[in-house]
Amino acid sequence: MIHDQRAEKFRQIVENKFQIYNSLFMSLPYDKMTNIGMLLPFLYEESKEGYQAGKTPEQIVEEFFTNHTDLQTEEQKLELLFKIIQYIERQVVLFDSIEDAAFPSLHSESDSGTVTNLFERSLQDHKLEKVREKLRDFTVKVVFTAHPTQFYPSSVQRILHDLRKSITDDSITNIDMLLQQLGKTPFVNKEKPTPIDEALSIIHYLRYVYYDTIGELFTKIKKTFGNGHFHLHEDLIQLGFWPGGDRDGNPFVTADVTKRVSEELRSAILKSYYGNLKDVRRRLSFRGVSEVFAQLSTELYSAIFRNERITAEDILKRLNEAEKILIEQHNSLFLDLLQNFKDRVMIFGTHFATLDIRQDSRIHQQVIDDVYNAKFGENSEISNDEKFNKLIQLSEKIDADQFEDIVKDTLINVAQVKDIQLANGNRGMNRYIISNSDAVKDVMNVYAFFKISGYKDEEIEMDIVPLFETMEGLDNAESVMTELYQNPIYQKHLERRGNQQTIMLGFSDGTKDGGYLKANWEIYKAKEVLTKLSEENGIKVVFFDGRGGPPARGGGKTHDFYASQGKTIANNKIELTIQGQTITSIFGNKEQAKFNFEQLLTAGVENDVFKNSKKDLTEKERALIIELANISYKKYSDLKAHPMFVPYLQEMSTLEYYGKTNIGSRPSKRGGGNELKFEDLRAIPFVGSWSQLKQNVPGFFGFGFAMQQLKEEGRFDEVRELYKGSDFFKTLVLNSMMSMNKSYFPLTYYIKDNPKFGEFWNVLFSEYNLSKDIMLELTGFKILQEEDPLSRKSVKIREKIVLPLLSIQQYALMKIQKGEGNKAAYEKLVTRSLFGNINASRNSA
């Protein structure tokens, strides 16, 4: 019933508004674009009917030209296609804005997963004290990454923000003006953004979305669960930050960039405090209080513009002075305003978000090798373990200037950690993450960096975080952590860090490496093993999930994963990466950000407080998931081993064009050289390329095959029982169905007859049909995403908007493959068409 009401409301305030405001596009001031709005529906119809009839994108686009235009030359046709792409890009922005503006009307304060719902449930089940107890010691941390999946430049993001507000107010005049601005505003960066540009783009969200969102949510939780004895800890909701600190495969992130970004974060939070203080002073204009505020205002101004040092403790000291006077002399008038401001200072300190350092373990080994050889001479007999042990014992500081490039920069970066901590506080930078960890040396090498940079053991106030992200890394995780926990040097380090160990697990590379079901199961299993191991060693373990936007990268309905975890997995903290599109589409405005922070927070709290047998896997369920995971892994591994796997992506997809989009500062693949190797492929262009093909292979491949195999053995009832009995398995199925719902194989029907790739395409298509049919049978649904009508409706409209764009992209790829016409122009067409399609999908990369 609620689903039906919301679906009807979606029709009224999203679909209908889009139809109305879309008509404004007809009169937009585009150069030579007066008739695009009239031509576009024809290209859509040609595409829709053409694909169902088995026509190729080339046939569809050429028939569009013949039937609906009088264009003759290739140049004229290309110009029209570019104009259509620009038009569609702006339609996507309009739909994004309308859907975002509708969010508060489509979601209630008491929806499942909200703080209000958690409170009502805890009262009903007599669990209020248990919830309070959990909140005292729980943390949700969202870490913003620099990964390039954000295709809107900041100028367009600002229009989006204003457009959303005008749509909420139903201001036709403002909407018309903003759409005109949109028509004249470039959507493409002329040059690649620098890491500083990427950082500033996300800092904008910190200042104008998260400062208020997290502050207000903290106040809401305090008021909802508060009593005379209950006090929330300031780390309940934390922000992490990778732009400027994540140097994994990004040669443009240097020690200097890291330092500058730390300064920008500090400056941003102080500016937020300065603005907040102005608002507080408007109300608290009382004698005694206003003088304290005037002093604080001067101190904040000096810290921002003269770079004078100020700590969170300094700010809180002033606020406490003002609070004392307010209570004793002014009847506590507007005390809540002052306390809300104090809460924000406690939450954000002088750091705003914790800047992480991340680098690949192989680069670290190179640094260790070079430093060791310079100090002790080359010795091929010595092991890597002996190298870090010998360097850790060194008493003198190694001079970074004697080295070059990455070695020098790594040592300078480690040396400046204490300076960043002094300026931003220890919460400003307190961990070093190691990508591709699969051995003890990967963690101990980082410890050695600090020692050779002149740090005493007790001065290393950094958590060292291994990132296990490949199948091999996940397999080794238990033995690596067992050895680390027994290492006397590392044991002492952990004691100084409060016997807490953060372990990062990579969903993106895991899925790329092992396939959807296998990767998710291996990570689940690794968490169980590492939880048990850590408990046995007296260590409080925190899992940090490297998740992307789509299900194939650990995304989708993320909070459902956390809600489905059983008691066998440590639940001290929910920590995950958020990136690119997901920042704007899930956490892009206050209402959405607040809702999604609440969903994550309550998923973690409910997991511990409310018992649910569907969360804990029985031995029978566990054995069945293992069996399914192994079958699907074999199927996916066979696909990866297919001789056409990499060539198909190279020649038939947009893989090679990701690096030309100027959306991110880092290269689209690890390693140098022209030869494309599977292991060098980054997860984003890998998953994104399947998405552009509308095949979404990493989100389902092998899953349906595994279930079908059990069905053929007469064991499908076991799978049905697993789906009904396990929240974890059910979440995997529903998320995979989301991937399939965003697939559209008719777009590439033409490949089935391709002499080189036809057989490979048919393998993909057969598995898609198999997976779709068996998952519909398993769930009892008639259509994909039947359980989530709002998402399904949104996907349907978005796919309709971008279908002509996909036709243009495939048409250009076909021209390139045939070697026909202006190759440079067609390549530009492919690259440009990436933008609208990725933005429309919202979580495709």
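For clarity, every value in this text was computed on a predicted model and none was experimentally measured.

Draft legend 1. Seen up close, the overall build of the protein chain. Summing up its helical and strand segments, the protein chain has 34 helices and 9 strands in all. Residue pairs in contact within the protein chain that sit at least 24 positions apart in sequence constitute 81% of those at least 6 positions apart. Entry remark: accessible area of the protein chain is about 33200 Å², with carbon and sulfur atoms responsible for 48%. Here the protein chain contributes 109 positively and 120 negatively charged side chains, and the mean placements of these two sets differ by 4 Å.

Draft legend 2. Up close: the packing of aromatic side chains. With the rule as written, the count across this model stands at 38 aromatic pairs. The lysine or arginine in question, Lys-390, covers the ring of Phe-376, its NZ or CZ lying 4.5 Å from the ring centre. The lysine or arginine in question, Lys-418, covers the ring of Tyr-455, its NZ or CZ lying 4.6 Å from the ring centre.

Draft legend 3. Spatial organisation of the pairing of strand β6 (residues 463-468). For β6, the tally of buried residues reaches 6 of 6 residues, placing the bulk of the element in the interior. Of the two faces of β6, both are covered, the one formed by Asp-463, Val-465 and Leu-467 as well as the one formed by Ile-464, Pro-466 and Phe-468. Bridge analysis of strand β5 (residues 431-435) against β6 gives 4 bridges, and the strand direction is parallel. Within β6, the position partnered with Arg-431 by the bridge is Asp-463. Handedness of the crossover joining β5 and β6 through helix α18 (residues 440-452) is recorded here as right-handed.

Draft legend 4. Representation of the packing of helix α9 (residues 195-225) against helix α13 (residues 335-348). Their axes nearest at 10 Å, the elements α9 and α13 cross at an angle of 115 degrees. Classified by the angle between their axes, α9 and α13 sit roughly perpendicular to one another. Considering only the axes of α9 and α13, their crossing is right-handed. Together, Tyr-210, Tyr-211, Asp-212, Ile-214, Gly-215, Glu-216, Phe-218, Thr-219 and Lys-222 of α9 and Asn-340, Phe-341, Asp-343, Arg-344, Ile-347 and Phe-348 of α13 make up the contact between the two elements.

Draft legend 5. Representation of the confidence of the model for the protein chain. Overall, the predicted model of the protein chain reaches an average pLDDT of 89, with 92% of residues at or above 70. Mean pLDDT across the elements of the protein chain bottoms out in helix α21 (residues 507-514) (71) and peaks in strand β3 (residues 354-355) (98).

Draft legend 6. Spotlight on the sheet that holds β5. Taken in spatial order, the 9 strands make up an open sheet running β3-β2-β1-β9-β8-β7-β6-β5-β4, and their pairing is parallel. Edge positions in the open sheet fall to β3 and β4 (357-360), since each of these has one partner strand only.

Draft legend 7. Geometry of the pattern of salt bridges. Across all of its chains, the model carries 61 salt bridges by this definition. Residue Arg-832 is joined to Glu-89 by a salt bridge in which the shortest nitrogen-to-oxygen separation is 2.7 Å. Residue Arg-832 is located in helix α34 (residues 823-841), and its partner Glu-89 is located in helix α4 (residues 74-106); the two are separated by 743 residues in the primary sequence. Both residues of the pair, Arg-832 and Glu-89, belong to the buried class. In this structure, the salt-bridge partner of Glu-528 is Arg-622, at a minimum N-O distance of 2.5 Å. Taken together, the residues span a long stretch of sequence, with Glu-528 in helix α22 (residues 516-536) and Arg-622 in helix α26 (residues 619-641) at a distance of 94 residues. The burial state of Glu-528 is the same as that of Arg-622; both residues are buried.

Draft legend 8. Expanded view of the side chain of Glu-89. Classification of Glu-89 by relative accessible area gives buried; the value is 1%. If we ignore the near neighbours within four places in the chain, the residues touching Glu-89 are Phe-187, Arg-832, Phe-835 and Gly-836.

Draft legend 9. Examining the nonpolar core more closely. Tyr-210 and Phe-729 are the most contacted members of the largest nonpolar core, which totals 193 residues. Here this core takes 14 residues from α9, the largest share from any one element. Contact partners of Phe-729, with chain neighbours within four places excluded, come to Ile-625, Leu-628, Phe-703, Met-707, Val-719, Leu-722, Tyr-723 and Leu-778.

Draft legend 10. The arrangement of the environment of Ser-262 in detail. In this structure, Ser-262 sits in helix α10 (residues 255-283). Residue classification places Ser-262 among the buried positions, given a relative accessible area of 3%. In this structure, the C-alpha to C-alpha distance between Ser-262 and Thr-354, residues 92 residues apart in sequence, is 8.9 Å. With near-sequence residues (within four places) excluded, Ser-262 lies in contact with Leu-355, Ile-420 and Asn-424.

The rules behind the values
- Residues numbered from 1 in each chain as written.
- Predicted model: local features only at pLDDT ≥ 70, side-chain atom pairs only at ≥ 80, totals over all residues.
- Heavy atoms only, no water.
- Helix = DSSP H or I, 4+ residues; strand = E, 2+ residues; numbered from the N terminus.
- Contact = heavy atoms within 4.5 Å.
- Areas by Shrake-Rupley, 256 points an atom, 1.4 Å probe, with all protein chains shown as cover.
- Lys, Arg positive; Asp, Glu negative; His and termini not counted.
- Charge placed at Lys NZ, Arg CZ, Asp CG, Glu CD.
- Phe/Tyr/Trp six-rings, centres within 6.5 Å; stacked < 30°, edge-to-face > 60°.
- Lys NZ or Arg CZ within 6 Å of the ring centre and 35° of its normal.
- Buried < 20%, exposed > 50% of the residue type's maximum accessible area, 1.4 Å probe, protein only.
- Pairing = 2+ DSSP bridges.
- Right-handed = clockwise from strand over helix to strand, strands pointing away.
- Axes fitted to C-alpha atoms, helices over the stretch in contact; angles between N-to-C directions.
- Parallel < 35°, antiparallel > 145°, perpendicular 65-115°, else oblique.
- Left-handed = near helix turned anticlockwise from the far one by under 90°.
- pLDDT = per-residue confidence, 0-100.
- Salt bridge = Lys/Arg side-chain N within 4 Å of Asp/Glu carboxyl O.
- Core = buried A, V, L, I, M, F, W, Y, C linked by side-chain atoms within 4.5 Å.

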